[in-house]
Every structure is written in structure tokens, then in C-alpha cells.
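Residues per chain are reported as follows:
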Amino acid sequence: MLLSTLVEAAACFGTPCYVTDLAALDSAATKLRRAFPDPWIRQFSLKANPLPAVVARLAAMGVGSNVVSAGEWAAATKAGVPNHLISLEGIGKTDSELQLAVMAAVNGKPLRWVTVESKEEMSALEKLAKAAGLGGSQSSLKVLLRLNPAVDSETRADFQVGSKVSKFGMPEWEMRELVQRHAETSSGLSIRGIHVHVGSQLAATEGWAEGGLRAALLLAELAVDFEEMDTVDFGGGFPAGPTPPLSDFRSRLEQRLAMAGAELPTRTAVEPGRCLVAASGWLLARVLHVRQGQSGPQVVVDASMSELIRPALYGAHHEVIALDLSGAPSAARSATEVEGGVCESTDTFGVHELPPLRRGDLVALTMTGAYASAMFSNYNGRPRPPEVLIQPDHKLVLGRPGEPFAP
Ligand code: LLP
């Protein structure tokens, strides 16, 4: 990707503006396929970036969709992904969302599977499935059960969703009970396996492999009595950067299984978000104010926590680079505080080595392909920015127009 293409995007579509490089998506999908080759099932977790053009591009590269709501499911459908390549999970599924999944199965277009979070959610799904007459001559709906593996993974505490105290998934004992009880009901739901996800932005492979090992061992135990249980979805969580490499996650899992005298289940899946899209995205912004701060220049830009909340929410660092400067781009760089344009002190993008900037200069926040536009908010009455795609031939197309803010 040429930086001049970002300059062109800002000139054509204004700022703030999200830009996605489609060629970068292709190479991320290729890396994922190398690390988890067929027959691994590769799915993209849409929560990182549900833009249909992004979802479609990844689907064309052999990465299906993993969705957590009817809204994300609709985005996958809009991207042309058929139901049999879409899995539905999420802790917040409502009755109407479960009903949609049941009806899709009744109509002969079942999702790849639905992941169930708790005994209560399973009862709700069973009730809906029975009421809709699923089963018998109707097609069935595959279900995975989400395990809480009680594993602390190598990431910040609030991303450790596999920890014992997290709200996600069920402990092993509850899953055993659920599987036994379900065997006595006939609902057209077929429990096919276990889902596990230990956390996001993992800095090492151990927690992921440990969670995966626990899921695989529990599956093997349950499959003795329930032979249709043959699947583990090992979740996502892989980092956006190069380390640890994706293939280390798989090889560490395989090592741990071998040490335990176990094997990978028949069907295995992953569902990353960040590692597929983060590096493909930029958030473009123009400088609004420049002044001398306490320890160096301080600039306020026309992007903010509304367009990229990660720094305010998690203290995340997104490198800021300067583009298309009106002044002297080769002038000495200095530590510059880059601030967002919303009325909150936490709306700051941190300190970056930048050349002198003036009002109107263009900057880009990097690594914003994941959890940036997906977490946009209208706070301060800010309109949703346009999303622009860089095609592999460097041409720019609009992936989604910006929206005027309509209170
Ligand atoms: N599967 C499940 C069950 C998840 O909860 C998540 C992310 C993923 C897959 C995808 O994880 P990834 O491969 O992207 O790490 N907003 C935060 C990230 C929250 C992740 C939530 N769950 C951020 O901006 O970093």
C-alpha cells in the first residue's frame, strides 16, 4: 500500500475516514490458512469489523463468518456468506435471535452451528426448537457448548474471558450435566461439541493451548457416550503483530495434546478477528489545533474516541504517522501529544514522534482495521465517517458512505 493512496483517500472522501487495504486482508487470510490449513475451519469474528466488503473478501479467501447477533448475521448475509458457513455465538443472544437460528434450520438453511453459553440458554433454544417442530423430518440444528476453561491467558485482565471469574461459558461440571440432560430430550438440536475462547490480543501461546487442551479432553470424555460430539472451536485471540506467529498457537496445542496422550478432534475450528483485519486499516485525520504543551507540541485532530475508542478504553497505542504536510516534512521530529476532538480528557491518542504539524495537515492512525469502526459511537454528535477500500490495483472505492448525524 502506498501512503500516497491514503492522501488521495482523504482528498476524495474527507476526514475522519476509515481506509481498508483489501490486499492486506488477502495476505492475512493466507497467513491464517497456512497456520490452520484444511480441514481446520477458519471463521472471521465479525465483531472486529463487520463491513460487508471486508467479510466478503475474507470469505472469498476461505474464511467463513462468526457472528454474535442478528445484526452481524445480516452483515455476513449481505456479504454473500451462506448460512452453512456462518456460526452464531455471543453471550447476549435474545429469544428472537435464537428463533431466527431455529427458523433458518426449519427452512433447510441451518447455520454452521450455534454456540450456547449456559443451561438456561440451552433450555430457551430447546423450547423454541420444539415449538417450531425442528427435528423429525425437519433438518436439525448443530450446537456447540461454550466452556469456561478457567484459564488465565497472556493478555490484559479485562481481555481474559476464559478466566474462572468471567461471565462467559459454563464450567465442566455444568456442561456434563447439560449434555446428559439434553440426551433425554428430542428437540432437533444436535450437540456436536465444545467452543472455547480464552482471550484477545494474546501475547503468548500457553493460555490458548491450555484452554484448547481442556476443551479437547472434555470432548473426548463426552464422546465416549455421545459419539456425535466431534467438534472443538478453539476461538480466536491471536495478536495483530507478528509474534507469536499464528502457527505457534497450533503447534503448542498439538504438543500439549500429545503430552496428554490425546489428539485433535475430528472437526476443529478457529474464529479470529483482530489478526485478520487490524493491519489492513487506517483512520485518517486532519490537524485542528497545534499548541505548545507541557513537554512538547500538542495537536488536536478531527478524529476522536468516537471513531477509535481503544486508546481511551484500554490505553491502546496506535502509531500516528504524518502524511502530506503543508510545512517541512523533513524537519526534525519531536515527541508530540496527539489528542482527539471530543470533549473528554481521556480522548487522547498518546505521544508520537512527529514532524512539526499545522492546522489542516493529514495524519493517519495505524492498525485500525479491528475494533475501530466496529466500536464507533455518535458521542458529541459526531457522524459515522465513510469507509473506503483500497482495491489491489490501488483504486479507491467507497465501502460504506459516511452518515449524517440524525438526532
Ligand atoms: N471469539 C470470541 C468468543 C470472542 O469473544 C472474540 C473477541 C473473538 C472470537 C475474536 O477475538 P480476536 O481474534 O479479535 O482477539 N474490543 C477489544 C477486543 C474485544 C474482543 C472481544 N471478543 C479491542 O478493541 O481490543
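Conventions we followed
Residues numbered from 1 in each chain as written. Predicted model: local features only at pLDDT ≥ 70, side-chain atom pairs only at ≥ 80, totals over all residues. Heavy atoms only, no water. Near = heavy atom within 4 Å. Polar contact = N/O pair within 3.5 Å; in protein donor to acceptor, adjacent residues only side chain to side chain. Nonpolar A, V, L, I, M, F, W, Y, C, P; charged D, E, K, R; others polar. Domains from an automatic or database assignment. Phe/Tyr/Trp six-rings, centres within 6.5 Å; stacked < 30°, edge-to-face > 60°. Helix = DSSP H or I, 4+ residues; strand = E, 2+ residues; numbered from the N terminus. Buried < 20%, exposed > 50% of the residue type's maximum accessible area, 1.4 Å probe, protein only. Lys NZ or Arg CZ within 6 Å of the ring centre and 35° of its normal. Pairing = 2+ DSSP bridges. Axes fitted to C-alpha atoms, helices over the stretch in contact; angles between N-to-C directions. Core = buried A, V, L, I, M, F, W, Y, C linked by side-chain atoms within 4.5 Å. Contact = heavy atoms within 4.5 Å. Buried area = accessible area lost by both parts, 1.4 Å probe. Salt bridge = Lys/Arg side-chain N within 4 Å of Asp/Glu carboxyl O.

Asks: Help me get a handle on the site of the ligand, residues and values and all.
Replies: Every one of the 20 residues lining the ligand counts as a neighbour, but Glu89, Ser200, Glu271, Arg310 and Tyr371 are closest to it. Contact distances for the ligand include 2.8 Å between an oxygen atom and a backbone N or O atom of arginine 274. Taking tyrosine 371, its side chain carries an N or O atom lying 2.6 Å from an oxygen atom of the ligand. Residue composition of the shell around the ligand, grouped by class: 6 nonpolar, 8 polar and 6 charged. Taken domain by domain, the makeup of the shell around the ligand includes at least three residues from each of domain 1 (2-18 + 278-399) and domain 2 (82-272).

Asks: Describe the packing of aromatic side chains, listing the residues and the values that go with them.
Replies: Per the counting criterion, the structure on display carries 9 aromatic pairs. Between the aromatic rings of phenylalanine 238 and phenylalanine 249, the centroid separation amounts to 4.8 Å while the plane-to-plane angle is 55°, which identifies the pairing as tilted. Here the residue phenylalanine 238 occupies a position in the loop between β8 (231-233) and α9 (246-259), and phenylalanine 249 occupies one in helix α9, the gap between them amounting to 11 residues. According to the relative accessible area criterion, phenylalanine 238 is buried, its value standing at 1%. Taken together, the ring pairs connect Phe36, Trp40, Trp208, Phe234, Phe238 and Phe249 into an aromatic cluster. Directly above the ring of tryptophan 113 sits arginine 112, whose terminal nitrogen or CZ lies 6.0 Å from the centroid. Directly above the ring of phenylalanine 159 sits arginine 156, whose terminal nitrogen or CZ lies 5.5 Å from the centroid.

Asks: Can you explain the sheet that holds strand β4 (residues 86-88)? Please cite residues and give values.
Replies: Two orientations exist for strands paired in a sheet by backbone hydrogen bonds: parallel and antiparallel. Taken in spatial order, the 8 strands of this closed barrel run β2-β3-β4-β5-β6-β7-β8-β9, and their pairing is parallel. Each strand axis lies, on average, 30° off the axis of its neighbour in the sheet, ignoring direction. In the sheet, strand β3 (residues 64-67) pairs with β4 via 3 bridges, with the strands oriented parallel. Residue pairing in the sheet places valine 67 in a bridge with leucine 88 of β4.

Asks: Provide a residue-level description of the nonpolar core, including the pertinent values.
Replies: Counting residues in hydrophobic clusters, the biggest one holds 79 residues, and the most contacted among them are Phe44, Leu145, Trp208 and Leu276. In terms of residues, this core owes the most to one element, helix α8 (residues 206-223), which gives 7 residues. In this structure, this core is formed jointly by two domains, domain 1 (2-18 + 278-399) and domain 2 (82-272), each of which donates at least three residues.

Asks: Go over the domain arrangement of the protein chain with me, naming the residues and quoting the values.
Replies: In terms of domains, the protein chain is made up of domain 1 (2-18 + 278-399) and domain 2 (82-272). Contacts between the two partners involve 5 residues from domain 1, matched on the other side by 4 residues from domain 2. In total, about 370 Å² of surface goes out of reach between domain 1 and domain 2, with carbon and sulfur atoms giving 56% of it. The largest per-residue losses of area from domain 1 upon contact with domain 2 belong to Arg310, Tyr314 and Met367, which jointly make up 75% of the total buried on that side. Linking domain 1 to domain 2 there are 0 salt bridges.

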